[in-house]
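Summary of structural features
Chain by chain, the residues run as shown.
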Amino acid sequence: MANNSIKLLAPDVHRGLAELVSKRLGVPLTDCKIIRDPTGEVSFSIGESVRDQDIFIITQIGSGVVNDRVLELLIMINASKTASARRITAIIPNFPYARQDRKDKSRAPITAKLMADMLTTAGCDHVITMDLHASQIQGFFDVPVDNLYAEPSVVRYIKENVKYDEAIIISPDAGGAKRAAGLADRLDLNFALIHKERARANEVSRMVLVGDVTGKICIIVDDMADTCGTLAKAAEILLENRAQSVIAIVTHGVLSGNAINNINNSKLDRVVCTNTVPFEDKMKLCPKLDVIDISGVLAESIRRLHNGESISYLFKHYPL
Amino acid sequence: MSNNLVIFGGDSHPKLVAQICAQLDVQPSKVELGKFSNGETSIAVKSSVREKDVYVIQSGCGHVNDTFMQLLILISACKSASASRVTAVIPYFCYSRQPDIPYTAKGAPIISQRKSSGSASASTPAATPTAGGKTVTTTQRPGADSPFKSLDSAIRSTIQSPTPVRPPPTTVGSSRIPMIPEGGKLNRSGGQQTPQPPSSTSAEAEELFNAQNAGYKLWVVQAGTLIANLLTAAGADHVITMDLHDRQFPGFFDVPVDNLYCKPLVQNYIHHCIPGYRDAVVVSPDAGGAKRATAVADALELSFAMIHKERRSQLLKGPPDATLTSGADIPSKPLLQHNPPPAGAPALHRSGSSSSVSSASSSKFVQTTMIVGDVRGKTCILVDDLVDTSYTITRAAVLLKDQGATAVYAIATHGVFSGDALERIKRSPIDKIVVSNTIPQERTLAVLGKHRVDILDVSRVFGEAIRRIHNGESISMLFEYGW
């Protein structure tokens with residue numbers, strides 16, 4: 001195994017997370033350059049030899065130009081593959097198209113499966129992601145997928161930043177009940193659920209609260225915040241039910257569309273997202289946003305993966 | 001037409017989809033194309049495709065990555081909805097070219113930001129900076145401190161500082177001595193100077209980085225295989241495209257690829273729309289396209305000429321140990337002797353040449369352009385497969401007019417026209433530009449006006465190819481005669 005070391009690669013945009021991981025690992029980011037055609041075609045060049053190296057490509061996929069990021073990632077993977085890398089691990093904390101994971105209507109595309117096929121086709125040997133919308137997506141892949149959890153980081157955040165003896169964990173929909181219940185168990189807190197009837201994607205129709213939130217600090221927990229319409233509506237319902245205050249903790253703060261307006265105009269005290277999605281620019285526009293840094297989890301998983309150690313420790317514990 | 005055929009169009013080129021469907025006398029099937037609020041592509045196929053023969057038409061234009069992902073998702077949706085066969089119809093195939101990256105003399109790519117300014121002139125060639133490895137002496141470790149940062153400006157600053165430049169060899173006379181660029185970018189103070197090290201250390205590091213890594217440590221990805229595999233992974237069973245830049249490209253696929261040709265349409269256009277075409281000359285704007293152009297010339301029995309572009313590194317010229325001096329004595333006017341062709345000379349001779357030098361940022365590269373073949377007093381027809389930045393054809397047109405061509409037509413299959421390509425063509429001496437509608441050309445018509453643009457309609461070729469492939473007939477006659 002001589003000369004087999006970690007190489008970290010990141011595209012030239014949204015390098016924030018990659019730089020944090022790099023700092024934690026003490027491994028500098030490999031020089032690389034993405035070349036963009038005026039028509040949008042992408043080419044890629046690596047500035048040093050990666051032959052027989054252990055490659056980790058860290059990409060943050062936010063809102064907007066998702067397809068550009070996806071093609072960039074695929075081309076980076078393929079470039080590493082053709083440059084004779086030993087193993088290529090794609091680190092995609094916010095897995096794109098994760099919500100297109102089933103045929104919910106006739107002839108609807110299962111784009112998450114397509115993404116999985118494309119990643120394996122490009123030459124990806126391993127995928128690390130975080131809080132997949134549906135953990136069954138791991139089964140779409142022919143290569144190992146490590147689905148990390150933001151939960152230990154969230155637990156730490158709540159313990160350090162919220163008076164959590166007065167808190168209650170809220171799931172904004174029935175689908176997230178398991179995630180919220182798990183967190184409530186970890187913190188030994190009560191748990192309530194908002195039942196919602198969704199008319200169309202990104203639109204909320206009717207919400208019913210199940211459980212008692214009187215005088216509590218409500219912590220809404222979800223895996224993804226998109227336009228934040230659901231969160232704003234949920235906050236209203238919770239306050240109508242005599243909650244003390246409402247904060248929301250989501251893993252992937254995509255914050256697309258008029259999310260910032262929705263948050264600013266909502267009754268939410270705070271919206272906390274992990275840095276799986278780049279939203280530094282939005283923090284300036286919205287004072288209610290806060291960040292949980294998950295680079296430690298990623299860095300530790302990279303280290304463990306490279307050394308062939310178990311990753312399951314990270315599912316329950318926050319690395320020091 | 002059998003009711004087994006289903007055609008879907010992506011949103012990149014709806015007009016061509018409508019035209020192809022009109023040729024086939026079918027209606028395009030309904031599909032809802034859109035985006036989720038987070039930027040992910042959403043697709044809803046609105047009619048049944050079970051056991052159908054599905055054709056998905058999407059050109060690689062517009063925002064390439066979005067249209068390509070849309071194509072993949074649409075193919076995947078049809079495949080998972082039990083279509084019996086899914087054929088991707090990609091009139092212009094994106095990612096089929098190698099990116100246009102300047103290379104050093106040793107073959108390593110120089111990675112730099114694409115310049116947005118300084119491209120105004122019709123004859124400005126692409127900047128081609130090169131590594132001045134020999135002249136730089138520095139102890140800085142190569143590759144230290146992120147050498148890609150602002151590489152381009154760093155190179156430029158190196159050039160503006162008194163960079164040692166080799167003087168032209170004393171024996172000027174033969175016709176291919178390259179020219180050192182004129183203009184104020186070089187130190188013209190005169191006299192022999194001892195070489196001064198470039199002032200900017202970051203530039204030193206970067207030059208050294210490129211020099212020491214030349215041809216060895218930098219890779220530029222070739223996306224071709226990846227794109228082919230992605231299409232196969234999405235579920236495409238067959239690919240139809242037109243005039244691929246690389247003839248080898250179909251080999252990247254595991255499924256059959258039908259590469260249609262625009263050539264019959266081009267021949268037809270020349271035959272019917274170019275007055276006095278029998279005396280015209282087919283000109284290839286570069287050596288790479290010579291085969292394509294000769295095929296057209298042969299079919300129409302026209303004579304042929306070629307523009308040859310030579311790019312030579314100054315560093316490779318001259319005696320190996322010559323002292324480096326500043327570019328003081330460099331002639332500012334061309335260097336190439338014009339040898340007027342003797343009367344009755346054979347058709348293929350070097351009838352003219354001109355040298356253009358790359359813009360200021362590429363002092364160490366010298367470009368010589370020459371025409372092989374006689375164009376004086378003739379109509380010239382430039383034939384190429386693709387016009388993107390339009391530098392090649394506008395430069396060729398200038399050269400042809402300089403050499404006495406009476407009219408210049410430029411015919412290309414794919415008119416990508418990125419950046420300010422259309423403005424450059426507008427200013428160029430090209431009399432008429434002819435492109436096919438594999439890519440929407442509304443903007444071309446708007447900028448250049450109807451009298452300077454002709455559009456070749458490829459929908460008949462694609463329509464007939466789809467009909468024949470659907471019916472299991474041979475399509476080889478389309479290669480020869482068009483439709």
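Calculation criteria
- Residues numbered from 1 in each chain as written.
- Chains lettered and ligands numbered in written order.
- Predicted model: local features only at pLDDT ≥ 70, side-chain atom pairs only at ≥ 80, totals over all residues.
- Heavy atoms only, no water.
- UniProt positions renumbered as here; feature names shortened; annotations may be inferred.
- Pairing = 2+ DSSP bridges.
- Helix = DSSP H or I, 4+ residues; strand = E, 2+ residues; numbered from the N terminus.
- Axes fitted to C-alpha atoms, helices over the stretch in contact; angles between N-to-C directions.
- Domains from an automatic or database assignment.
- Buried area = accessible area lost by both parts, 1.4 Å probe.
- Salt bridge = Lys/Arg side-chain N within 4 Å of Asp/Glu carboxyl O.
- Nonpolar A, V, L, I, M, F, W, Y, C, P; charged D, E, K, R; others polar.
- Buried < 20%, exposed > 50% of the residue type's maximum accessible area, 1.4 Å probe, protein only.
- Expected span 1.5 Å × (residues − 1).
- Parallel < 35°, antiparallel > 145°, perpendicular 65-115°, else oblique.
- Left-handed = near helix turned anticlockwise from the far one by under 90°.
- Contact = heavy atoms within 4.5 Å.

Identification of chain B as ribose-phosphate diphosphokinase from Huiozyma naganishii is taken from an unreviewed UniProt entry. Checking UniProt for chain B, the heading Function (unreviewed entry) contains the comment "5-phosphoribose 1-diphosphate synthase involved in nucleotide, histidine, and tryptophan biosynthesis. Active in heteromultimeric complexes with other 5-phosphoribose 1-diphosphate synthases (PRS2, PRS3, PRS4 and PRS5)."

Chain A carries the name ribose-phosphate diphosphokinase in an unreviewed UniProt entry, which gives Huiozyma naganishii as its organism. The record held by UniProt for chain A lists under Function (unreviewed entry) the comment "5-phosphoribose 1-diphosphate synthase involved in nucleotide, histidine, and tryptophan biosynthesis. Active in heteromultimeric complexes with other 5-phosphoribose 1-diphosphate synthases (PRS2, PRS3, PRS4 and PRS5)." The annotation that UniProt attaches to chain A under Sequence similarities (unreviewed entry) is "Belongs to the ribose-phosphate pyrophosphokinase family."

Our focus in this paragraph is the sheet that holds strand β6 (residues 126–130) of chain A. Residue and element names in this part refer to chain A. If you trace the five strands from one edge of the open sheet to the other, you get β1-β4-β5-β6-β7, paired in parallel fashion. Edge positions in the open sheet fall to β1 (6–9) and β7 (145–148), since each of these has one partner strand only. Each neighbouring strand pair of the sheet contributes to a mean axis angle of 20 degrees, computed without reference to strand direction. Relative to β7, β6 is paired through four bridges, and the arrangement is parallel. When the bridges of β7 are listed, Thr-129 appears paired with Asn-147.

Residues and elements named next belong to chain B. Domain boundaries assigned for chain B yield domain 1 (5–97 + 221–259 + 460–481) and domain 2 (263–307 + 372–457). The centre of domain 1, based on its C-alpha atoms, is set 28 Å off from the matching centre of domain 2. Of all residues in domain 1, Tyr-92, Arg-97 and Asp-243 bury the most surface against domain 2, accounting for 33% of the area lost on that side. Of the charged contacts, one joins Lys-15 and Glu-442 as a salt bridge, the two residues approaching to 3.5 Å between their closest N and O atoms. Sorting the residues of the side of domain 1 that touches domain 2 by element identifies α1 (14–24), α11 (459–471) and α12 (476–481) as the ones contributing at least two each. Among the elements that line the side of domain 1 that touches domain 2, the one with the most residues is α12, at four residues. Looking at the side of domain 1 that touches domain 2 residue by residue, the classes come out as 10 nonpolar, five polar and five charged.

A separate point is the pattern of salt bridges. What the rule picks out here adds up to 33 salt bridges over all chains. Linking Asp-125 of chain A and Lys-81 of chain A is a salt bridge whose minimum nitrogen-to-oxygen distance equals 3.5 Å. Taken together, the residues Asp-125 of chain A in the loop between α3 (111–122) and β6 and Lys-81 of chain A in helix α2 (residues 66–82) connect sequence positions 44 residues apart. Between Arg-292 of chain B and Asp-384 of chain B there is a salt bridge whose closest N-O contact spans 3.6 Å. Pair noted here: Arg-292 of chain B is in helix α7 (residues 290–300) and Asp-384 of chain B is in strand β13 (residues 379–387), with a separation of 92 residues, a long-range link. A relative accessible area of 28% means that Arg-292 of chain B is categorised as partly exposed. When its relative accessible area of 11% is taken as the criterion, Asp-384 of chain B is described as buried. Residues joined by salt bridges that share partners form a network here, namely Asp-12, Arg-36, Arg-69 and Glu-72 of chain A.

With that out of the way, let us pick up helix α2 (residues 64–80) of chain B. All names here are of chain B. In this model, α2 (17 residues) spans 24 Å end to end at C-alpha, consistent with the 24 Å of a helix rising 1.5 Å per residue. Here α2 lies mainly inside the structure; 15 of its 17 residues are buried. Of the residues one or two after α2, Ser-82 is the one with positive phi, at around 70 degrees.

On to unusual backbone geometry. Residues other than glycine seldom take positive phi values, yet Tyr-97 of chain A does so here, at roughly 60 degrees. Note on placement: Tyr-97 of chain A falls in the loop between β5 (87–92) and α3. A positive phi is found at Ser-390 of chain B, a non-glycine position, where the angle reads about 70 degrees. Relative to the assigned elements, Ser-390 of chain B resides in the loop between β13 and α8 (391–402).

On to the packing of α2 of chain A against helix α5 (residues 224–234) of chain B, then. It is the contact of α2 of chain A with α5 of chain B, at a shortest axis distance of 10 Å, that shows an interaxial angle of 120 degrees. As the angle between them shows, α2 of chain A and α5 of chain B are arranged oblique. Taken as a pair, α2 of chain A and α5 of chain B cross one another with a handedness that is right-handed. Contacts between α2 of chain A and α5 of chain B involve Leu-71, Leu-74, Ile-75 and Asn-78 of chain A on the former and, on the latter, Leu-226, Ile-227 and Leu-230 of chain B. Tallied by class, the residues present in the contact of α2 of chain A with α5 of chain B amount to six nonpolar, one polar and no charged.

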